[in-house]
Amino acid sequence: MQSVWFWRNWSKDYRLFWYCCIVLCVCSLGFLWYSYLKGPDNVIHWETMHQQKTIETVSHTFAAGSFEFAIPIESYLTFEFFRGSSLTPNTTASYLFLVGLVFSALILLTVITTLASRFWYFAGMGLFILFMVSLRLEVLRLFDVTGRVIPLCIMGLYTVVSFYFAFFRTSTPFIVRFLVFVLLSAILGTLIMLYAGVYYPFLHLAATGYSSGLLLSVVFILMVAHEIPASFVYLAGQGTATGKSLRHFSIISVVYLINLWLLYFNEAGITQWNFLYINVYLLFSISVLLGIWGFKNREVLYENIAPFYPFGSYFYLAMACIALFTTAHLLGNHNDPALKIIRDIIIFSHIGYGIIFLTYVFSNFIIMLAQNYPVHKILYQPNRMPYFTFRLAGFIATLAFVFYMDYKEYLYHSFSGFYNNLGDLYTKLEQPAIAEAYYLKGKTYGFQNNRSNYVLAGIEARKNNFEKALNHYELANGKRPTAFSLINQGNLYLVAGAPLTAVPLLRSALQKEASPYIQNNLGFAYTKVHKVDSALAMFELARKNNKTKQVAETNFLALIGQEYIPIRVDSTLHLLLPQPAAQSNAFVLASLQRQRVSIEMPVPESPLNLVEATRLNNYMVHALKELDSVFIEKIFQIASDSVNEPYSEALKSTLAHAYYHQGNVSKAMAILAELGYLSQSMQGEYNYILGLWALEQEAPQQAVTHFANAVTSDYKDARFYNAIALAEAGLQHEALLASGNLMEHGDSVVREIGRQLQKILTVPKSGLSSLTDLERYQFLRYRITSRDTVLFDQVLNQFSDPEYRALSLFEMSKRQVDVGRWSTAKKYLHLAGQLQSTDIRLQRQISDTQWLLQVAAEKYWLSGKTTVPVGKAERLLFEALNSQQQGDSVKARTYFHMLGTQNPFFEDGILAAALYFGNHPEHPLQAYNLLTDAIYVNKHSYRLLTAYAAEAERQGFDEYAAGARQRAYAIRQER
């Protein structure tokens, strides 16, 4: 055991420094494996991208005449896919590399000062000076001085101190020498930090230290290349069975070499077998650890230069740390062209030195192995083939691999790795043009290296240069692809709208890299081509990985919604993770399939992100008729906040629907009108909805204006609805032209409606007997005015269907109300009520209108027992009047304020509010302002204009009153 734990017999100070070196070596080894296990994630991360599909559902429906109208409202299905981010240089790895390189170099420098031979001292110092030159300290422009004066002074200082210890203070303890060099370096580092003429000076040093680090790493790899087969000699000598050492050593060595050859064939691309290969970095790590004892055992070969105890051991650990820190730095920055050199040299040297080492052992010790002697004790004391011959032959064998694989390629890859480092440096310096130039150089020297091409592809993609970006990604994926570069290449086609090309590309990527991120993106690509089964299969695979589970579940629900697949939404949602994107899609599914989901939706915090804003929008669509006014007002404030400007338009358009369902028609229409003014792309849709709302509020003149704007934007069925609105507004000539255009529509249903409107608008009064009941009803609705009571009565008697007769009587009564003919209105309404229609909605409308006529006749006062109306607006008026009569002024004022401001098309509510505030004013012009606001929106109301004229006259605004009366008279004549 003493030979294994050899340092236990060392003096305390040397043992302490040995422990420090071991700690540094272990840290470098941990740094290497941490960087390896993270892989490209060291410099690239996954970004979750969102693509939304607009799903149009129905807010509600209403009837205008014989036509049924559906008011659309938009939800958004969210698909999520992954994208590799822009490459961010791993500066932490660079700084750790620089620290490890400097400390290891100082250990080597200290060891050099202990060398007794002047030859070896000067040779060592020559190599150290070359190392200092390779750092190119002049690039730091220390004290803003250019040139090599300061770097020469620094090298001179280290050289003088080294010479002093080597020739004048030879008795100085090793640790003291080392601490002096550390102090000198700390002072230099402080000066660099404070007075360097460049930003990030230590990153400059990390970039320039690449060359020496790589070269020393290759040297060290060659040093330890035979340590594993050397350990086989030790293992074979541990057996007790006579004559078995040779057999054991031969078998294990042959198995080892076969595995190395298989690894080489795989790395060279000669074979592509599904085989568990030796990990190159594990091979190197084992060699490093075994090399500690191997280097001690070789002391007989170099003890004339420096003994292993302790300086030889320090030398070995310093070299190991340089190699490990350099490899870790390259792994930490995913510098794959430089890593190719490291990987290939490890493989080549282990094969080359391994084969020659077997020759060395068999040549010198085959008889001793056969006789089961402990050969490991004299392994480096050969009697036939000298150790130097083995080292030279091993080196030649390694070079043979290098030349066979084309030595220039490794030279070029070293340049490529260097230029990648410089590109990283200038990326950090925020000089993208220079960084791009260096990456281009890196791509030129390392033709198919992933690192340079990935960065360049991202740059070209951001410039929308599709072809150049695709070319770079193809090169990046040529030899050493990563999941990031594979996915980003597929994403180019997805974004370009070519999913049929993206699908095979991502399928091929999945064969190269079994990544759940690729599985999700492939599933997303399948949704684009409506391959439902394949997409579901990919999402299920991606769902098994915790890192992609949420995104896969979100896409699963989005696919269900896109393809209208029936499921129990609430039950399905309980099986998935409770996360916003999935809940957002669940709301859309529930709205589409008319189901309810039990998800609480608190008021979100501002600022919103895309997912939160979409979930909020979809929730409001889903629970449109259940939202309370407090929630709506809070969301409106959030949507109006400037920090949420990207989501403001979509949220406000949905909020407009919410206000409309709350009965606040004024605010709903004001919001959509403002959005229509601000948004060119959505102007047609907003005017389309405003036109439908105006039709529902029985304001066809306004509907005509909105639909005309929608027609200008060529939105959807705006031309069809515009023709109906023109007929509803009594603009027969315009309606005739519009219906004629419908005859050329591609939809046969629309053509039939156009033909029907043409017939109704052109049929002579003498030809009414030939019409159907539906056509007679439409004739009465679109061709006669409130004054044509004689003709109305004649046509009414021709109906065979009592439902059409009741509906026509009700609508005639409404026309009479609109122009103030109360007695005629009551007569027709009474006749409509007597017919007892089977249409429940019509029955309620008749009942509510009778109630309105009653309270209007009594100057908006409840007398005796009265029925409670059914309609939302009528019930609000009832509550207001009831509160007024019960003396609850607070409630009455609140209700009348709502009646006066929320819906200018509910004329009885406006008139009742004007009457109330005229009698209970907070200020003298309150009733007048209320009526002014109402007629500003509802410009074609005879009743509101008449009331406004009276109030204006009462306030002394005689000119306004006269103008209002003229407009009211003109409207009455038209109707």
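This structure is a prediction, so every number in the text was calculated from the model and none was measured. The residue numbers shown here count from 1 along each chain, following its written sequence. Where totals are concerned, whole chains, interfaces and linings use all residues; where local detail is concerned, this predicted model gives features only for residues with pLDDT of at least 70, and gives and counts side-chain atom pairs only at 80 or more. Water and hydrogen atoms were dropped before computing side-chain values, which therefore reflect all heavy atoms in the structure.

**Considering the overall build of the protein chain**
For the protein chain, the count of helices and strands is 44 helices and two strands. What the globule rule says is 2.2 Å times the number of residues to the power 0.38, and the radius of gyration is computed from C-alpha atoms. For a compact globule of 975 residues, the expected C-alpha radius of gyration is about 30 Å, and the protein chain comes in at 44 Å, more than 25% above that figure. In terms of its C-alpha atoms, the protein chain occupies a principal-axis envelope of roughly 135 × 55 × 45 Å. Working definition: with a 1.4 Å probe on protein chains only, accessible area under 20% of the residue-type maximum means buried, over 50% means exposed, and in between means partly exposed. In the protein chain, buried positions account for 53% of the 975 residues. Two residues qualify as a contact provided that any one of their heavy atoms is within 4.5 Å of a heavy atom in the partner residue. Counting contacts in the protein chain only where the partners sit at least 6 residues apart, residues at least 24 apart contribute 66% of the total. About 44,300 Å² of surface is accessible on the protein chain, with carbon and sulfur atoms providing 58% of the total. Charged side chains of the protein chain number 78 positive and 72 negative; the gap between the two group centres comes to 10 Å. Only DSSP runs of H or I with at least four residues qualify as helices, and only runs of E with at least two residues qualify as strands; both kinds are numbered from the N terminus onward. Each accessible area is a Shrake-Rupley estimate made with a 1.4 Å probe; only the visible protein chains count as cover when residues are assessed. Residues scored as positive are Lys and Arg, those scored as negative are Asp and Glu, and His as well as the terminal groups of each chain are ignored. Where a charge lies is defined by one atom per residue type: Lys uses NZ, Arg uses CZ, Asp uses CG and Glu uses CD.

**Describing the nonpolar core**
The nonpolar side chains of a soluble globular protein tend to be buried, and buried together. In these notes, a set of buried Ala, Val, Leu, Ile, Met, Phe, Trp, Tyr and Cys residues joined through side-chain atoms within 4.5 Å is what counts as a nonpolar core. Of all hydrophobic cores here, the largest spans 171 residues; its most connected members are Tyr-158, Phe-220, Tyr-360 and Leu-379. It is helix H12 (residues 336-370) that provides the largest number of residues to this core, a total of 17 residues. Those residues in contact with Leu-379 that sit more than four places away from it in its chain are Ala-230, Val-233, Phe-357, Tyr-360, Val-361 and Phe-365. Ala-623, Leu-655, Ile-671 and Leu-692 belong to the second largest nonpolar core, which has 81 residues in total.

**Comments concerning the pattern of salt bridges**
Only one rule defines a salt bridge in this text: a Lys or Arg side-chain nitrogen within 4 Å of an Asp or Glu carboxyl oxygen. Inspection of every chain in the model, using the stated rule, returns 28 salt bridges. The residue Glu-540 makes a salt bridge to Arg-543 at a minimum N-O spacing of 3.9 Å. With a gap of three residues between them, Glu-540 and Arg-543 both fall in helix H21 (residues 532-543), about one helical turn apart. Taking relative accessible area as the criterion, Glu-540 reaches 38% and is therefore assigned partly exposed. A residue is classified by how much of its surface remains accessible, and Arg-543, at 23% relative accessible area, is partly exposed. Across the pair Arg-781 and Glu-811 runs a salt bridge whose closest N-O atoms are separated by 2.6 Å.

**What about the packing of aromatic side chains?**
Put simply, two rings from Phe, Tyr or Trp (the six-membered ring, in Trp's case) pair if the centres are within 6.5 Å, and we call them stacked under 30 degrees between planes, edge-to-face over 60, tilted for the rest. Per the stated rule, a full pass over the model turns up 94 aromatic pairs. A centroid spacing of 6.1 Å and a plane angle of 75° characterise the contact between Tyr-360 and Phe-365, whose relative ring orientation is edge-to-face. For Tyr-360, a relative accessible area of 0% puts it in the buried group. In this structure Phe-365 comes out as buried when scored by relative accessible area, which is 1%.

**Comments concerning a nonpolar patch on the surface**
A cluster of nonpolar side chains, namely Phe-388, Leu-392, Phe-395, Ile-396, Leu-399, Phe-403 and Tyr-407, defines an oily patch on the protein surface of about 700 Å² accessible area. The greatest single-element share of the nonpolar patch, amounting to six residues, is contributed by helix H13 (residues 387-404). As for its placement among the helices and strands, Phe-388 is situated in helix H13. Here Phe-388 falls in the exposed class, since its relative accessible area comes to 62%. Within the patch definition used here, like charges are joined within 9 Å and nonpolar side chains (Val, Leu, Ile, Met, Phe, Trp, Tyr) within 5 Å, considering only residues with over 30% relative accessible area and no salt bridge.

**Overview of the pairing of strand S1 (residues 46-64)**
Across 18 bridges, the pairing between S1 and strand S2 (residues 67-84) is antiparallel. Paired with Lys-53 across the bridge in S2 is Leu-77. Only strands joined by at least two bridges in the DSSP assignment are considered to pair. The antiparallel pairing of S1 with S2 creates a hairpin that spans two residues between the two strands, and Gly-65 there sits at a positive phi of about 70°.

**Quick notes on unusual backbone geometry**
The peptide bond linking Tyr-309 to Pro-310 adopts the cis configuration, its omega dihedral lying at -15°. Here Pro-310 is to be found in helix H11 (residues 308-332). The omega torsion of the bond from Ser-606 to Pro-607 falls at 5°, within 30 degrees of zero and hence cis. Considering the arrangement of structural elements, one finds Pro-607 in the loop between helix H24 (580-592) and helix H25 (610-622). Within the chain, Arg-141 stands out as a residue other than glycine whose phi angle is a positive 45°.

**Re the environment of Leu-494**
The residue Leu-494 is located in helix H18 (residues 483-495) in this model. With 50 residues separating them in the primary sequence, Leu-494 and Thr-444 have C-alpha atoms 29 Å apart. In this view, Leu-494 contacts Pro-499, Ala-502, Leu-506, Phe-524, Ala-525 and Lys-528; residues no more than four positions away in its chain are not counted.

**Let's talk about the packing of helix H14 (residues 407-428) against helix H15 (residues 432-445)**
Only the stretch in contact is used when a helix axis is fitted, and all axes are lines through C-alpha atoms; the angle between N-to-C directions ranges over 0 to 180 degrees. At a minimum axis distance of 8 Å, the contact between H14 and H15 shows a crossing angle of 165°. In terms of their interaxial angle, H14 and H15 are classed as roughly antiparallel. The chirality of how H14 crosses H15 is left-handed. When H14 is examined against H15, the residues Tyr-412, His-413, Phe-415, Ser-416, Tyr-419, Asn-420, Leu-422, Gly-423, Asp-424, Tyr-426 and Thr-427 are found in contact with a partner set consisting of Ile-434, Ala-435, Tyr-438, Tyr-439, Lys-441, Gly-442 and Tyr-445. Split into classes, the residues belonging to the contact of H14 with H15 amount to 10 nonpolar, six polar and two charged. Each angle receives one of four descriptions, namely roughly parallel if under 35 degrees, roughly antiparallel if over 145, roughly perpendicular if within 65 to 115, and oblique otherwise. For any helix crossing, the convention is left-handed if the near helix is rotated counterclockwise from the far helix by under a right angle, and right-handed if that rotation is clockwise. In the scheme used here, Gly and all other residues not listed as nonpolar or charged are polar, with Ala, Val, Leu, Ile, Met, Phe, Trp, Tyr, Cys and Pro taken as nonpolar and Asp, Glu, Lys and Arg as charged.

**Considerations on a positive patch on the surface**
Taken together, the side chains of Arg-594, Lys-625, Lys-872 and Arg-875 make up a positively charged region of the molecular surface. Tracing the sequence through the fold places Arg-875 in helix H39 (residues 872-885). Among the residues examined, Arg-875 registers a relative accessible area of 38% and is labelled partly exposed.

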